[in-house]
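Residues per chain, in single letters:
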Amino acid sequence: MKFETRAIHVGEKPNFKDGGTGDVAMPIHLTSTYAREKVDIPTAGYEYSRTANPTRDALQQRLAALEDAQYGLVFASGLAAETSLVLSLLKAGEHIVAFDDLYGGSRRLFTRVFNERFKVEVSYVDARQPQLVADSIRDNTRLVWLETPTNPLLKLCDIEAIANIAHQHKLTVVVDNTFMSPYFQQPLALGADIVMHSTTKFLNGHSDSLGGALLLNDESLYEKIKFTQNAAGGILSPFDSYLILRGTKTLAVRMRQHQKNAIRIAKFLESHPRVNRVIYPGLESHPQHELAQKQMSGFGGMLSFELDGNIKDAKRFVEGLKYFALAESLGGVESLIELPAVMTHASVPPEERRKIGLADGLIRISAGIENGDDLLEDLEGAFQKIG
Ligand SMILES: *Cc1c(COP(=O)(O)O)cnc(C)c1O
């Protein structure tokens, strides 16, 4: 089954048997518990909805199919997925090697919670150079945590090269695939062990739900994380499961339009006299354009740029748009714009932001699926407002 077909059919087969009514759309199973006729026999295997729920199961199957994975688990948010993963696979005193340009919230979780409270050690390295990952591996390392392309600087790392290094040391490789979605990038096929998503973004795609997912092939890792999912309880609700199930049906067509608009915006900005630098993996000017072409089947809907101006100009620019909402988050049908240094990445210490190259005036765009002409007109209007 091809991607677009899996995105519609896996997990949502109409049921004609056992009183099934042939629903084409998966019902929202709003039940906390399941009655049984006999003490020893849970009905259809269901006991209690923290442990399992049919709507959540359908989404888990759907997302696993989209990443070509055996197993899927969904959580109340992307960070809840990350929390369950780390709780499942690490003990106090063990070590994570992570890309130094992670989503700000992932970094806050690792540093402020797992490191400060539970003594998990974390080395942040520039994973654009696989050798730096290799050099950071210690006897107590368990996990390599990658995000590619990163947020908001769109740096890439070579998943295959790093997975090869990590596997020589029997480490588990996690890739946060939120930015590309499974439509443009399939980390498991490149050697990653676990794919993580904030389904809040492209997978749901309509900015009306939060969720997170882990997709993987290794049964013993799956059983460990599934145990934690039930034990710690950070599960996705049936209603959010339904919303994301619905969102994934249009993932392929949305991603194509996100990308089309992102390319147009990137080229428009690159030729604009008030712009110093545009960062988009699809531009030939991107330092890792070649790796992007090799590793991904597209370049996605996210881009960043630096105005020729100061932070005040950048603030006036993002406040002067009519279609781009000035908001955190990304991956919805509507275009969003934001200033990472003061919004999404405010929790990253200023000296660390300088080290990774995140300028105060950097502007991040999540290209929506509106008509591109309107988006370019809106951007030009904002340039004129700042003079
Ligand atoms: C949003 C995001 C997360 C966190 O997900 P939540 O659903 O907000 O908890 C993690 N990684 C990336 C790349 C994200 O964009």
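Only a predicted model underlies this, so the values are computations on that prediction, with no experimental measurement involved.

Asks: Would you explain the sheet that holds strand 5 (residues 172-176) in this entry?
Replies: Strand order in the open sheet formed by seven strands is 1-7-6-5-4-2-3, with mixed pairing between adjacent strands. What marks the edges here is a single partner per strand, and that holds for strand 1 (71-75) and strand 3 (121-125). Averaged over all neighbouring strand pairs, the angle between strand axes comes to 20 degrees, with direction disregarded. Direction of pairing for strand 4 (residues 141-147) relative to strand 5: parallel, over a ladder of five bridges. Each residue of the ladder has a partner; that of Glu-147, found in strand 5, is Asp-176. Sheet strands touched by helix 6 (residues 159-168): strand 4 and strand 5. Its angle to strand 5, the strand with the most contacts, is close to 155 degrees.

Asks: Where do I start with the packing of aromatic side chains in this structure?
Replies: Remark: the centre distance and the inter-plane angle together describe each pair of aromatic rings, the angle taken between the planes. All chains considered together, the criterion is met by 11 aromatic pairs. Look at Phe-114 and Phe-118: their rings are 6.4 Å apart centre to centre, the planes differ by 45 degrees, and that puts the pair in the tilted class. A relative accessible area of 4% places Phe-114 in the buried class. Considering the side-chain rings of Phe-268 and Phe-383, the 6.4 Å spacing of their centres and the 50 degrees angle between planes classify their relative orientation as tilted.

Asks: Looking at this model, I keep getting lost on unusual backbone geometry. Mind explaining?
Replies: It is generally the case that most residues other than glycine have a negative phi and that most peptide bonds are trans. The step from Thr-148 to Pro-149 runs through a cis peptide bond, and the omega angle for that step is -10 degrees. Residue Asn-151 is joined to Pro-152 through a cis peptide bond whose omega torsion reads 5 degrees. In this fold, Pro-152 is placed in the loop between strand 4 and helix 6. The residue Asp-68 is not glycine, and still its phi comes out positive at about 55 degrees. Along the chain, the position of Asp-68 falls in the loop between helix 2 (54-66) and strand 1. Phi angles above zero are rare outside glycine, and Ser-181 is one such case at about 65 degrees. Inspection of the secondary structure puts Ser-181 in helix 7 (residues 181-184).

Asks: Looking at this structure, how should I read the packing of helix 3 (residues 78-89) against helix 8 (residues 219-232)?
Replies: Where helix 3 contacts helix 8, the two axes come as close as 9 Å, and the packing angle between them is 115 degrees. Viewed along their axes, helix 3 and helix 8 form a crossing whose handedness is right-handed. Residues Ser-84, Leu-85, Leu-87, Ser-88 and Leu-89 of helix 3 form the contact with helix 8, whose participating residues are Leu-221, Lys-224, Ile-225, Thr-228 and Gln-229. Residues of the contact of helix 3 with helix 8, tallied by class, amount to five nonpolar, four polar and one charged.

Asks: It is not clear to me how the nonpolar core should be interpreted in this structure. Could you clarify?
Replies: In a soluble, globular protein the nonpolar side chains are often hidden away together inside. Of all hydrophobic cores here, the largest spans 68 residues; its most connected members are Ile-265, Leu-269 and Phe-317. At eight residues, the largest contribution of residues to this core is made by helix 10 (residues 251-270). No fewer than three residues from each of domain 1 (3-248) and domain 2 (251-386) sit in this core. Non-local contacts of Phe-317, meaning those with residues more than four positions away in its chain, are made with Phe-305, Leu-307, Ile-337, Ile-363, Leu-379, Ala-382, Phe-383 and Ile-386. In this structure, Phe-75, Phe-99, Ala-127 and Leu-146 belong to the second largest nonpolar core, which totals 47 residues.

The rules we used
Just so you know, the residues in each chain are numbered from 1, in the order the chain's sequence is written. Two thresholds apply to this predicted model, a pLDDT of at least 70 for residue-level local features and 80 or more for giving and counting side-chain atom pairs, whereas whole-chain, interface and lining totals are computed over all residues. With hydrogens and water set aside, each side-chain value is computed from the structure's full complement of heavy atoms. Strand pairing follows a simple DSSP-based rule, namely that at least 2 bridges must link the two strands. Only DSSP runs of H or I covering at least 4 residues are called helices, and only runs of E covering at least 2 are called strands; the numbering of each starts at the N terminus. Only the stretch in contact is used when fitting a helix axis, every axis being a line fitted to C-alpha atoms; angles between N-to-C directions are given from 0 to 180 degrees. For this analysis, residues touch if any pair of their heavy atoms sits within 4.5 Å. Two rings from Phe, Tyr or Trp (for Trp, the six-membered ring) form a pair when their centres are within 6.5 Å of each other. A pair whose planes differ by under 30 degrees is stacked, one over 60 is edge-to-face, and the rest are tilted. Per-residue accessibility, obtained with a 1.4 Å probe over protein chains only, is compared with the maximum for each type, and a residue is labelled buried under 20%, exposed over 50%, and partly exposed between these values. Note on convention: near helix rotated counterclockwise from far helix by under a right angle means a left-handed crossing. Clockwise means right-handed. Under this grouping Gly is polar, as are all residues other than the nonpolar Ala, Val, Leu, Ile, Met, Phe, Trp, Tyr, Cys and Pro and the charged Asp, Glu, Lys and Arg. By nonpolar core is meant a set of buried Ala, Val, Leu, Ile, Met, Phe, Trp, Tyr and Cys residues that side-chain atoms within 4.5 Å join together. Here the bounds of each domain stem from an automatic or database domain assignment.

This is a description of form; function is not addressed.
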